[in-house]
2 protein chains.
Amino acid sequence: MELINEMIKKIKRPDYTLEKEVQDRLDNLTKPKASLGRLEEIAKKLVIITGNLRPKLKDKVIFTMAADHGVVEEGVSAFPKEVTSQMVYNFLRGGAGINVLAKHVGARVVVVDMGVAVDLKKDPKLIIKKIGYGTKNMTKGPAMSKKQAISSIEVGIEVFEEEYKKGIDIVGIGDMGIGNTTPSAAIGSVITGKSVEEITGRGTGIDDIRLSKKIEVIKRAIEINSPLANDGLDVLAKVGGFEIGGLAGVILAAAARRIPIVIDGFITTASALIAYKIRPEVKEFMFSSHCSEEKGHRFMLSYLGLRPLLDLDMRLGEGTGAALAMNIIEASIKILNEMATFESAGVSKG
Amino acid sequence: MELINEMIKKIKRPDYTLEKEVQDRLDNLTKPKASLGRLEEIAKKLVIITGNLRPKLKDKVIFTMAADHGVVEEGVSAFPKEVTSQMVYNFLRGGAGINVLAKHVGARVVVVDMGVAVDLKKDPKLIIKKIGYGTKNMTKGPAMSKKQAISSIEVGIEVFEEEYKKGIDIVGIGDMGIGNTTPSAAIGSVITGKSVEEITGRGTGIDDIRLSKKIEVIKRAIEINSPLANDGLDVLAKVGGFEIGGLAGVILAAAARRIPIVIDGFITTASALIAYKIRPEVKEFMFSSHCSEEKGHRFMLSYLGLRPLLDLDMRLGEGTGAALAMNIIEASIKILNEMATFESAGVSKG
């Protein structure tokens, strides 16, 4: 808990004193005022987050964390459990969606085993930080112990810190874990107060019958565990997952270092809710990359006061939306840093 | 008119016979079916447009065409008319929004003077194809002659063809012309049938008084000229602009060569409407990059059956939205070409 407390202490509300200066520059670029819309908002937010009037986004890193979920035995997913480990190998070989999109935007992917149910083969590209061999079935008691919840977050912090030494200017978060829309929906419902029906979606693509089953499973898990909505650690332990905890740790560590965080879809937003409950200031360091097709995502984002940058009907996870959005975020910084001003270009003002 | 007729003959409905094959590949990539949402739709559309199962998007070209507008003397813009030429120089020096964003996505910008009101200094990077020194004031008669309308489109075709020799895999279109949201709104209203009030927005940022004036000016121009909604050339001549005609020409030429076209904001969508009225099949070759803040844009896109990829509150024009969207479009092709299949990666299917 010591490491989490250290982060809580380090995370301050970002510094808004630079806001006027960056706004002045944006208004002096050769374009009608505010005509680059959200690109200008993003640039401003990046300046405020980093405290740097000319932020750079050279090192882009996406943490894709994987784990298994005991609740899968209730039949909540369209895919078999072994896909979690198979997909980790796919990440390591570079064949998954996140590999292609991260490469496209010039980001590196850090793959972490936070609790896959089997022992994975060693690989120089794989960080093995197993908290357990998958969580327990949350319909029968807490998904993990309080100690494991703390460990999962602290491991996330450590993994971030290790990677930070190699350079990180912006961080994206991604997930892999068959069944993990189930704990994420539970977290979303408990923290936002929305009903399980409003929050729960079809995940990898389940039919109506399995969706009803999933909703019932989530309700049962919440009922049996009674997670405390305002206690992020309690929610994580009772209805969370190891990758969800790890990513919450990445968020806390990044915010402590004033590094902008790009969240991805439904699962990473559940992580963001956990981190938010631990330290509400983290939300000011976050960008929402996209609005997932997963039903409850919209409510969870709006609870955090975040407006997604993209709306492309995606629901893959892994960090794919975060990768795509990094390109937009980088564009905003180039606008700020590279465009001519009215004066320098000799263009008349309106 | 010969060149336009030649394009009309060349443009065929794209070939949907490859649809099943590309869908099969997309469904075999290591992700839940359709979970990359619109990225998959884009990839499919690109295959159908190009007739190539593995399309490439190496050469990305944005045509930014500039012209002046006689209607500016009615006081419809927040910026003085000289800004058109000043911004052309800014494009040539690389300081404008489009330069920064095109460079960001790896596209080259082709700057064309279609009818700026002054003689521009020669520059190896500037293509001078003046149809006239700005259009006439459309509240007093047609903006241009029928002959000029034809020329503007044919020049657009020629400029595209010239550039095509250097390689074009995807084309974006952009505009510059103080006052050009006024003819674009007139075109939008005439062609979609929406009222002038519904279509007309604040352009570079005019206040309520000037907006009422602008609406009144557009109504007057439509009334005095009675453009024929189903005759693209007639609409262009009566209430259009030289850059709008040139960009319609680029669209026709690109569609004739089965090159995907990325439209930008309000003005380029007016060009798309003109091209659509000349040859309706062109819309199947188009992508809408973003939904502009300019009020009527949404209606014009929906008239063309296009759903924008981005919604970032932008309203700059120049091709800036098209540039940003090219990155998303390119991502879709990389997904198609680079992701592993379930079989190749040894991942179990759902």
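Residues numbered from 1 in each chain as written. Chains lettered and ligands numbered in written order. Predicted model: local features only at pLDDT ≥ 70, side-chain atom pairs only at ≥ 80, totals over all residues. Heavy atoms only, no water.

Draft legend 1. Expanded view of the environment of Val72 of chain A. Residues and elements named next belong to chain A. Within the secondary structure layout, Val72 lies in the loop between β1 (60-67) and α4 (83-93). For the pair formed by Val72 and Met138, sequence separation is 66 residues and the distance between their alpha carbons is 9.7 Å. Excluding its chain neighbours within four sequence positions, the residues that come into contact with Val72 are Lys81, Ile178 and Gly179. (Helix = DSSP H or I, 4+ residues; strand = E, 2+ residues; numbered from the N terminus. Contact = heavy atoms within 4.5 Å.)

Draft legend 2. Focus on the sheet that holds strand β6 (residues 286-288) of chain A. Residue and element names in this part refer to chain A. Taken in spatial order, the 6 strands make up an open sheet running β3-β2-β1-β4-β5-β6, and their pairing is parallel. A strand with exactly one partner marks an edge of an open sheet, and here the two such strands are β3 (126-128) and β6. Ignoring which end each strand starts from, the neighbouring axes of this sheet average 25 degrees apart. Relative to strand β2 (residues 107-115), helix α5 (residues 97-105) is tilted by about 145 degrees, and along the sheet it contacts β1 and β2. In the packing of helix α14 (residues 320-338) onto the sheet, the strands contacted are β1, β2, β4 (170-176), β5 (261-263) and β6, and the crossing angle to β4 comes to about 165 degrees. (Pairing = 2+ DSSP bridges. Axes fitted to C-alpha atoms, helices over the stretch in contact; angles between N-to-C directions.)

Draft legend 3. Broad picture of the sheet that holds strand β3 (residues 126-128) of chain B. All names here are of chain B. In space, the 6 strands of this open sheet follow the order β3-β2-β1-β4-β5-β6, with parallel pairing throughout. Of all strands in the sheet, those bounded by a partner on one side alone are β3 and β6 (286-288). Across the sheet, the mean angle separating the axes of adjacent strands is 25 degrees when strand polarity is ignored.

Draft legend 4. Highlighting the environment of Asp208 of chain A. Positionally, Asp208 of chain A belongs in helix α9 (residues 208-225). A polar contact of 2.6 Å, which involves the side chain of Asp208 of chain A, links it to the side chain of Arg202 of chain A. (Polar contact = N/O pair within 3.5 Å; in protein donor to acceptor, adjacent residues only side chain to side chain.)

Draft legend 5. Quick peek at the interface of chain B and chain A. Facing 55 residues of chain B, the contacting portion of chain A comprises 55 residues. Regarding the contact of chain B and chain A, the summed buried area is about 4400 Å², with carbon and sulfur atoms giving 61% of it. Considering only the side of chain B, the residues that lose the most area to chain A are Val100, His104 and Leu312 of chain B, jointly responsible for 13% of the buried surface there. At the junction of chain B and chain A, the tally comes to 2 salt bridges. Our count for the chain B to chain A interface comes out at 24 residue pairs in polar contact (both at pLDDT 80 or more). Secondary-structure elements contributing two or more residues to the side of chain B that touches chain A are α3 (37-50), α4 (83-93), α5 (97-105), α14 (320-338) and α15 (342-345) of chain B. Residue contributions to the side of chain B that touches chain A peak at 9 residues, all from α14 of chain B. (Buried area = accessible area lost by both parts, 1.4 Å probe. Salt bridge = Lys/Arg side-chain N within 4 Å of Asp/Glu carboxyl O.)

Draft legend 6. Representation of the relation of the copies chain B and chain A. For the pair chain B and chain A, the relating rotation is 180 degrees, the translation along its axis is 0.0 Å, and the fit reaches an RMSD of 0.0 Å. Taken together, the rotation and translation describe the operation of a two-fold axis. Closest approach to the rotation axis within chain B is made by the C-alpha atom of Leu310 of chain B, at a distance of 3.2 Å. (Least-squares fit on C-alpha atoms with pLDDT ≥ 70 in both.)

Draft legend 7. Region of the structure containing the packing of aromatic side chains. All chains considered together, the criterion is met by 8 aromatic pairs over all chains. Ring centres 6.4 Å apart and planes at 20 degrees place the aromatic pair Phe342 of chain A and Phe79 of chain B in the stacked group. With one member in each of two chains, Phe342 of chain A in helix α15 (residues 342-345) and Phe79 of chain B in the loop between β1 (60-67) and α4 form a pair that bridges those chains. Judged by centre distance (6.0 Å) and plane angle (35 degrees), the ring pair of Phe63 of chain B and Phe160 of chain B falls under tilted. Of this pair, Phe63 of chain B sits in strand β1 while Phe160 of chain B sits in helix α6 (residues 146-164), and the two are 97 residues apart along the sequence. Phe160 of chain B sits in the buried class, given a relative accessible area of 0%. By the ring-pair criterion, three or more aromatic residues cluster together here, those being Phe63, Phe160 and Tyr164 of chain A. (Phe/Tyr/Trp six-rings, centres within 6.5 Å; stacked < 30°, edge-to-face > 60°. Buried < 20%, exposed > 50% of the residue type's maximum accessible area, 1.4 Å probe, protein only.)

Draft legend 8. Broad picture of the packing of α3 of chain B against α14 of chain B. Residues and elements named next belong to chain B. Look at α3 against α14: their axes get within 8 Å of each other, and the N-to-C directions meet at 85 degrees. Judged by the inter-axis angle, α3 sits roughly perpendicular to α14. Of α14, the residues touching α3 (which contributes Leu39, Ile42, Ala43, Leu46 and Val47) are Ile328, Ile329, Ser332, Ile333, Ile335 and Leu336. Its residues assigned to classes, the contact of α3 with α14 comprises 10 nonpolar, 1 polar and no charged. (Parallel < 35°, antiparallel > 145°, perpendicular 65-115°, else oblique. Nonpolar A, V, L, I, M, F, W, Y, C, P; charged D, E, K, R; others polar.)

Draft legend 9. Representation of the nonpolar core in the model. Counting 267 residues, the largest nonpolar core has Phe63 of chain A together with Phe63 of chain B as its most contacted members. When near neighbours in sequence (up to four residues on either side) are disregarded, Phe63 of chain A contacts Val110, Val159, Phe160, Glu163, Ile168, Val171, Gly172, Ile173, Gly174, Leu247 and Val250 of chain A. (Core = buried A, V, L, I, M, F, W, Y, C linked by side-chain atoms within 4.5 Å.)

Draft legend 10. Focus on the domain arrangement of chain A. Residues and elements named next belong to chain A. Assigned domains of chain A: these are domain 1 (2-55 + 334-345) and domain 2 (60-331). Here the C-alpha centroids of domain 1 and domain 2 sit 28 Å apart. Counting residues at the interface gives 23 residues for domain 1, matched by 29 residues for domain 2. Carbon and sulfur atoms supply 66% of the area that domain 1 and domain 2 bury against each other, a total of about 2400 Å² over both sides. Considering only the side of domain 1, the residues that lose the most area to domain 2 are Ile4, Ile11 and Arg38, jointly responsible for 29% of the buried surface there. Counting across the domain 1 and domain 2 interface gives 1 salt bridge. One salt bridge connects Glu284 with Arg13, and the closest N-O pair in it is separated by 3.0 Å. (Domains from an automatic or database assignment.)

Draft legend 11. Just the pairing of β2 of chain A, in detail. Residue and element names in this part refer to chain A. Of all 9 residues making up β2, 7 are buried, and the element is well covered by its neighbours. Examined bridge by bridge, β1 and β2 share 8 bridges and lie parallel to one another. Opposite Lys60, over in β2, you have Ala107 as the bridge partner. Across 3 bridges, the pairing between β2 and β3 is parallel. Each residue of the ladder has a partner; that of Val112, found in β3, is Ile127.

Draft legend 12. Examining helix α11 (residues 242-256) of chain B more closely. Residues and elements named next belong to chain B. In this model, α11 (15 residues) spans 21 Å end to end at C-alpha, consistent with the 21 Å of a helix rising 1.5 Å per residue. The buried fraction of α11 amounts to 15 of the 15 residues, a majority that puts the element mostly inside the structure. Directly after α11, the chain includes Arg258, whose backbone phi takes a positive value near 60 degrees. (Expected span 1.5 Å × (residues − 1).)

Draft legend 13. Seen up close, the side chain of Thr192 of chain B. Residue and element names in this part refer to chain B. Along the chain, Thr192 turns up in helix α7 (residues 181-192). We classify Thr192 as buried; its relative accessible area is 17%. From its side chain, Thr192 meets the backbone nitrogen of Lys194 in a polar contact 3.1 Å long. Beyond its immediate chain neighbours, meaning those up to four positions away, Thr192 contacts Ile199, Leu273, Phe299, Met300 and Tyr303.

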